[in-house]
Amino acid sequence: MMIDYSACSEQINAPLCRKLAEQVMEHITEEGVVSTAIPGLELLRANGATSCTSTVYEPALCVIAQGQKTVQLGDREIIYGPLSYMVSSVHLPVVGQVLQASEDEPYLAVKLTVDPQEVADLILELGDDMPLHEDIACSEVACGLCIAQVDFGILEAMTRMVSLLGSPTDARMLAPLARREIIYRALMGEMGARMRDFAAADSQAHRVSRVIALLKDRFAEPLRIRELADNVNMSESTLFHTFKQVTRMSPLQFQKKLRLHEARRLMLTEGLEAATASYRVGYESPSHFSREYSRMFGAPPRADVIKLRGEPSRAAAPA
């Protein structure tokens, strides 16, 4: 299933999108991902199309200022570019690829991590003033990764936040206000109903987000669906069905992807051998680990890590 949101009709926002691209380029001159002085704000740049790269999205709001990207979550492929934005409501293993970028017009994106509690608090404060929208691009299922057309309010607030990077004092004092405004604009726009569903304590989407948190913390342990279902007061069948709606994969597939990503991190950042890393993340057979690793990342563990260490950080852009 493919959703193409790479071209939006609301061209009135195009000049402001170009302004955001200019702001981003001022603060990221080389390819890669830059963590800024503003907590939770990252800038991303690629000077050319990238290969498919597996990564784990965290709860965040991402805006592409220039270029185009495709993100695959399970059986769902989403293509998006300028004038659209993406919200990840939970941690999700995805495959991403920059499709359009060049030296003259690089891929540029802004990612703002979002604390689910922050969203819940703002929803509580809004109360009945929060509107209902059911017409977002992936409204047919409770998917944890969705996209919508960016409105002027979000684009203007994001541009203002990036511009604050030019003044540390302004950033310290005004960035929290811009951050709150961005989340508010998202809640009041097309994405609001989806974000509210994941924040509502009695919703199935919120219960699945709690299961995802458990799997993220205990991915090395054997998967026990009954225990997970009991923890969130759901039946096993309901949990399995809703989990697949949110993540576009089964709990077992989700756990496997988390294990492989963590093993990759352990080998890359802590220098562990493949056999040691595989054991640490819950695999009993190194050969089984190597086969699944190769299928996911396109190369055996050792070859993949050697390649990653020799390349600039460009493909793992989480936006």
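Residues numbered from 1 in each chain as written. Predicted model: local features only at pLDDT ≥ 70, side-chain atom pairs only at ≥ 80, totals over all residues. Heavy atoms only, no water.

Peer 1: I'd like a description of the side chain of K111, backed by residues and values.
Peer 2: Within the secondary structure, K111 is located in strand β10 (residues 107-113). The exposure class of K111 is buried, given its relative accessible area of 3%. (Helix = DSSP H or I, 4+ residues; strand = E, 2+ residues; numbered from the N terminus. Buried < 20%, exposed > 50% of the residue type's maximum accessible area, 1.4 Å probe, protein only.)

Peer 1: Pulling in residues and values, what's your account of the nonpolar core?
Peer 2: Counting 93 residues, the largest nonpolar core has L20, L61, Y85, L145, M158 and L187 as the members making the most contacts within it. Counting residues per element, this core draws most heavily on helix α4 (residues 168-188), which supplies seven residues. Sequence-distant contacts of Y85, defined by excluding residues within four places in its chain, comprise L61, C62, V63, C146, I147, A148, Q149, V150, I154, A186 and M191. (Core = buried A, V, L, I, M, F, W, Y, C linked by side-chain atoms within 4.5 Å. Contact = heavy atoms within 4.5 Å.)

Peer 1: Hey, could you go over helix α2 (residues 116-126) for me, with residue numbers and the actual values?
Peer 2: Among the residues making up α2, those that are buried are V119, L122, I123 and L126. One side of α2 carries all its buried residues, which in axial view fall inside an arc of 105 degrees. Exposed residues pointing more than 90 degrees away from the buried face of α2 are listed as L124 and E125. Summarising the contacts, the buried residues of α2 are in contact with α4 and α5 (192-199). Capping the start of α2 is the job of one residue whose side-chain oxygen sits 3.0 Å from the backbone nitrogen of Q117: D115. Just past α2, the residue G127 takes up positive phi, approximately 60 degrees. (Arc of directions from axis to C-beta. Polar contact = N/O pair within 3.5 Å; in protein donor to acceptor, adjacent residues only side chain to side chain.)

Peer 1: So what about empty space enclosed by the protein? Which residues, and what values?
Peer 2: If you walk through the whole model with that rule in mind, you get one cavity of 30 Å³ or more. Secondary-structure elements contributing two or more residues to the lining of the largest cavity are α6 (204-217) and α7 (225-231). In terms of residue class, the lining of the largest cavity is made up of five nonpolar, one polar and four charged. (1 Å grid on protein atoms, 1.4 Å probe; cavity = no way out; pocket = protein on both sides within 12 Å on 5 of 7 lines; lining within 4 Å. Points joined across faces, edges and corners; volume = space filled by probe spheres on them. Nonpolar A, V, L, I, M, F, W, Y, C, P; charged D, E, K, R; others polar.)

Peer 1: For the state of the cysteines, give the residues involved together with the corresponding values.
Peer 2: In total, this model carries zero disulfides according to the counting rule given. Lacking any disulfide linkage, C52 is separated from the closest cysteine sulfur, that of C62, by 18 Å. (Disulfide = S-S within 2.5 Å.)

Peer 1: Now, about the pattern of salt bridges: what can you tell me, with residues and values included?
Peer 2: Under the definition given, this model contains 15 salt bridges. A salt bridge links K111 to E58, with the shortest nitrogen-to-oxygen separation between them at 2.3 Å. Taken as a pair, K111 in strand β10 and E58 in the loop between β4 (53-57) and β5 (60-66) lie far apart in primary sequence, 53 residues in all. Measuring nitrogen to oxygen at the nearest pair gives 3.7 Å for the salt bridge that ties R280 to E270. Remark: E270 occurs in the loop between α9 (251-269) and α10 (274-280) and R280 occurs in helix α10; sequence separation between them is 10 residues. Through salt bridges with shared partners, a single network forms among E156, R160, E181 and R185. (Salt bridge = Lys/Arg side-chain N within 4 Å of Asp/Glu carboxyl O.)

Peer 1: I'd like a rundown of the packing of α2 against α4, residues and numbers included.
Peer 2: Between α2 and α4, the least distance of the axes is 11 Å, while the angle of their chain directions is 65 degrees. Taken together, the axes of α2 and α4 lie roughly perpendicular to each other. Judged by the twist between their axes, the crossing of α2 over α4 is right-handed. For the pair α2 and α4, the contacting residues are E118, V119, L122, I123, E125 and L126 in the first and R179, R180, I183, Y184, L187 and M188 in the second. (Axes fitted to C-alpha atoms, helices over the stretch in contact; angles between N-to-C directions. Parallel < 35°, antiparallel > 145°, perpendicular 65-115°, else oblique. Left-handed = near helix turned anticlockwise from the far one by under 90°.)

Peer 1: Before we move on, could you go through helix α8 (residues 236-247) and cite the residues and values that matter?
Peer 2: Taking 1.5 Å of rise per residue, 12 residues should cover 16 Å, and α8 covers 16 Å from first to last C-alpha, within 8% of that figure. All of the buried residues along α8 are L239, T242, F243, V246 and T247. Buried residues of α8 fall within an arc of 115 degrees about the axis and therefore sit on the same side. Opposite the buried face of α8, at more than 90 degrees from it, the exposed residues are S237 and H241. (Expected span 1.5 Å × (residues − 1).)

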